[in-house]
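# Close look at the chain arrangement
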Amino acid sequence: MRSEILATAFLGLAVRSIISLYSYSGFDTPPMHGDYEAQRHWQEVTVNLQVGEWYTNSSNNDLQYWGLDYPPLTAYHSYLVGRIGRSIDPRFVELHKSRGFQSKEHKRFMRATVMSADVLIYLPAILFLAYSIDKTFRSDDKLLLFTLVAAYPGQTLIDNGHFQYNNISLGFAAVAIAAILQRRFYTAAFFFTLALNYKQMELYHSLPFFAFLLGECVSQKSFASFVAQISRIAAVVLTTFAILWLPWFGSVQAALQVLHRLFPVARGVFEDKVANVWCAVNVVWKLKKHISNDQMALVCIACTLVASLPTNVLLFRRRTNVGFLLALFNTSLAFFLFSFQVHEKTILLTALPALFLLKWWPNEMIIFLEVTVFSMLPLLARDELLVPAVVATAAFHLIFKCFYSTSKLTNVFPLKFIANMSRILMISILVASLTVPAPIKYPDLWPLINSVTSCGHFLLFFLWGNVQQFTSELS
């Protein structure tokens, strides 16, 4: 079995290496370039400035040019990578002189840093989760899950292609999920706090963790046991937060500045065409003309909480492994559909639990995972990653078919028909967007059609997930 695990890991790394040969976000597109430049710029800011200046606007740190907008653990990671980069070539992180720096050596270095995070954090984390998910699973089932997660094109295309480090926060989240499934609650609290302090989007997963842990504390046989357990969990969370945020605790203003950078309400409810409800609504009713940013933020918070509440109340009352995974799926999808400032890449937070629900609902989840990649195609097309996106998605589908060809749900007519129609629709939109130019009056027609189509799928899956949460015996 160890040889199969190693072979799967190397297969995942080979796919990532091939995708790394392609372009990345912002290549040859001044003046802001893209996410690749954002990550490089954070490295030069953190290695050249004092910690207290990392999130503060100054002559040395122009926040309008890719200012840090992720939590402290991302900044520490940028500092570590920046120090290594500077030891290789000081030009990589030469503050004020290296904006838009591009070279083959630097691209190899940056790609290697993402691959290192895959090797050290993401792949071991998903392997740990695959082997923790259910005691009734056979070794072949667990190996299959690991293979599918390692081959999932969404994460590899965004991290190893577009260029980000979602593998770190998702890896920490995967370890936290595995710890919950194994009833190691203090470990879960620690790793989820790390995930949340690497990317604030891990708030998408926060309510199920809170509901599950609170439910476990409340279920204790005595009040003393309840107090002891909840105090220990709180101590783990608060201590981890305190250590990571220590450099900013000396000033309330400094801490508030970090928070302001993490939640930039002024940017508006969305930027690019994203597959959530607000972008779809905006097609027929222009939100920014009728609702201010502050009001829209409150509307988003209210709608997200209302959509998330049922699945988490049920999880609080009835805590099972599958129920927890379903709650993660439903809650993160509710956040994606209804919350403020959603980006295309945050659908990866819903893809994580979806990948591990494949064993129970293979045909439903494979369609969902294919839609997640489809929803990101306009972003990937801008990065010239369309070819690897199509090839990687086709390969992922074939791997799934090889293992699940005898699935008991495959021949159920309504499901098979819906799945085929969904795939035909997505392929048709992709082909049309490549062959039929958008009208001059509507230059964003195809990205908009993509986002609305994906949003429709996600809404249906959100309803499906909640129905399963309340009706399935597994949950």
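What counts, and at which threshold
Once a new chain begins, its residue numbering starts again from 1 and follows that chain's sequence as written. pLDDT decides what is reported in this predicted model: residues at 70 or higher carry local features, side-chain atom pairs at 80 or more are listed and counted, and totals for whole chains, interfaces and linings draw on all residues regardless. To obtain the side-chain values, all non-hydrogen atoms of the structure were included, while hydrogens and water were left out. Helix numbering and strand numbering both begin at the N terminus, where a helix is a DSSP run of H or I of at least 4 residues and a strand a DSSP run of E of at least 2. The reference for a compact globule is 2.2 Å times residues^0.38; the radius of gyration itself is calculated from the C-alpha atoms. Relative accessibility thresholds used throughout: buried, under 20% of the residue-type maximum; exposed, over 50%; partly exposed, between the two (1.4 Å probe, protein chains only). What counts as a salt bridge is simple: a side-chain nitrogen of Lys or Arg found within 4 Å of a carboxyl oxygen of Asp or Glu. In this analysis, the expected span of each helix is defined as 1.5 Å times one less than the number of residues it contains. Pairs of N or O atoms are called polar contacts if they sit within 3.5 Å, as long as, within protein, a hydrogen donor faces a hydrogen acceptor (for residues adjacent in sequence, only side-chain-to-side-chain pairs). By nonpolar core we mean a set of buried residues, namely Ala, Val, Leu, Ile, Met, Phe, Trp, Tyr and Cys, connected to one another through side-chain atoms within 4.5 Å. Every residue pair with non-hydrogen atoms within 4.5 Å of one another is taken to be in contact. Values of pLDDT, which run from 0 to 100, indicate the predictor's confidence residue by residue. Angles here are taken between N-to-C directions and fall from 0 to 180 degrees, while the axes themselves are lines fitted to C-alpha atoms, restricted in helices to the stretch in contact. Orientation categories follow fixed angle ranges, with anything under 35 degrees roughly parallel, anything over 145 roughly antiparallel, 65 to 115 roughly perpendicular, and all other angles oblique. Polar here means any residue outside two lists: the nonpolar Ala, Val, Leu, Ile, Met, Phe, Trp, Tyr, Cys and Pro, and the charged Asp, Glu, Lys and Arg; Gly therefore counts as polar. Take the far helix as the reference: if the near one is turned anticlockwise from it by less than a right angle, the crossing is left-handed, and if turned clockwise, right-handed.

For the rest of this paragraph, the subject is the overall build of the protein. When you go through the protein residue by residue, the secondary structure sums to 21 helices and 0 strands. For 475 residues, the compact-globule estimate of 2.2 N^0.38 gives 23 Å, and the protein sits close to it at 22 Å. The C-alpha extent of the protein, read off along each of the three principal axes, is 65 × 60 × 55 Å. Evaluated residue by residue, the protein yields a buried proportion of 56% over its 475 residues.

What the rule picks out here adds up to 11 salt bridges. In this structure, the salt-bridge partner of Glu-216 is Arg-319, at a minimum N-O distance of 2.8 Å. Pair noted here: Glu-216 is in helix H9 (residues 206-218) and Arg-319 is in the loop between helix H14 (293-317) and helix H15 (321-338), with a separation of 103 residues, a long-range link. By relative accessible area, which is 21% here, Arg-319 ends up partly exposed. Taken together, the salt bridges that share partners define one network made up of Glu-37, Arg-40 and Glu-44.

Over its 18 residues, H15 runs 26 Å from end to end, which matches the ideal 26 Å to within 8%, given 1.5 Å per residue. In terms of burial, H15 is a largely internal element, 18 of the 18 residues being buried. Structurally, the start of H15 carries an N-cap: the backbone nitrogen of Gly-323 is 2.9 Å from a side-chain oxygen of Thr-320.

The omega torsion across Pro-30 and Pro-31 is 5°, close enough to zero to call that bond cis. Assignment of secondary structure puts Pro-31 in the loop between helix H1 (2-20) and helix H2 (35-48). Notably, Trp-66 is not glycine yet its phi reads approximately 50°, a positive angle. Residue Glu-384 is not a glycine yet carries a positive backbone phi of 60°. Summarising the element assignment, Glu-384 is placed in the loop between helix H18 (377-382) and helix H19 (386-404).

Within helix H6 (residues 153-163), 11 of the 11 residues are buried, which leaves it mostly tucked inside the rest of the structure. By the burial criterion, the buried members of H6 are Pro-153, Gly-154, Gln-155, Thr-156, Leu-157, Ile-158, Asp-159, Asn-160, Gly-161, His-162 and Phe-163.

Counting 147 residues, the largest nonpolar core has Phe-356, Leu-358, Met-365 and Phe-368 as the members making the most contacts within it. Among the elements that line this core, the one with the most residues is H15, at 13 residues. Setting aside residues no more than four positions away along its own chain, Leu-358 makes contact with Leu-145, Leu-148, Met-365, Ile-366, Leu-369, Phe-400 and Tyr-404.

Let us look at the confidence of the model for the protein. The predicted model of the protein has a mean per-residue pLDDT of 92, with 97% of residues at 70 or higher. The secondary structure element of the protein with the lowest average pLDDT is helix H13 (residues 287-290), at 84, and the one with the highest is helix H8 (residues 185-198), at 98. With pLDDT under 50 throughout, residues 406-410 is counted as low confidence; its partners more than four residues away or in other chains account for 9 contacts.

We now examine the environment of Leu-127. One can find Leu-127 in helix H4 (residues 104-130). Accessibility expressed as a relative area gives 22% for Leu-127, which makes it partly exposed. In contact with Leu-127, not counting residues within four places along its chain, are Ile-5 and Phe-146.

As a packed pair, H9 and helix H10 (residues 223-245) sit with axes 8 Å apart at the nearest point and diverge in direction by 150°. What the angle tells us is that H9 and H10 run roughly antiparallel. For the pair formed by H9 and H10, the contact residues are Leu-213, Leu-214, Glu-216, Cys-217 and Val-218 on the first element and Phe-226, Gln-229, Ile-230 and Ile-233 on the second. Counted by class, the contact of H9 with H10 contains 7 nonpolar, 1 polar and 1 charged residues.

Quick look at the packing of H14 against helix H21 (residues 445-471) now. Their axes nearest at 10 Å, the elements H14 and H21 cross at an angle of 25°. Overall, the two elements H14 and H21 adopt an arrangement that is roughly parallel. Pair H14 / H21 crosses with left-handed handedness. Within the contact between the two elements, H14 uses Ala-307, Pro-310, Thr-311 and Leu-314 and H21 uses Phe-462, Asn-466, Gln-469 and Phe-470. A class-by-class count of the residues in the contact of H14 with H21 yields 5 nonpolar, 3 polar and no charged.

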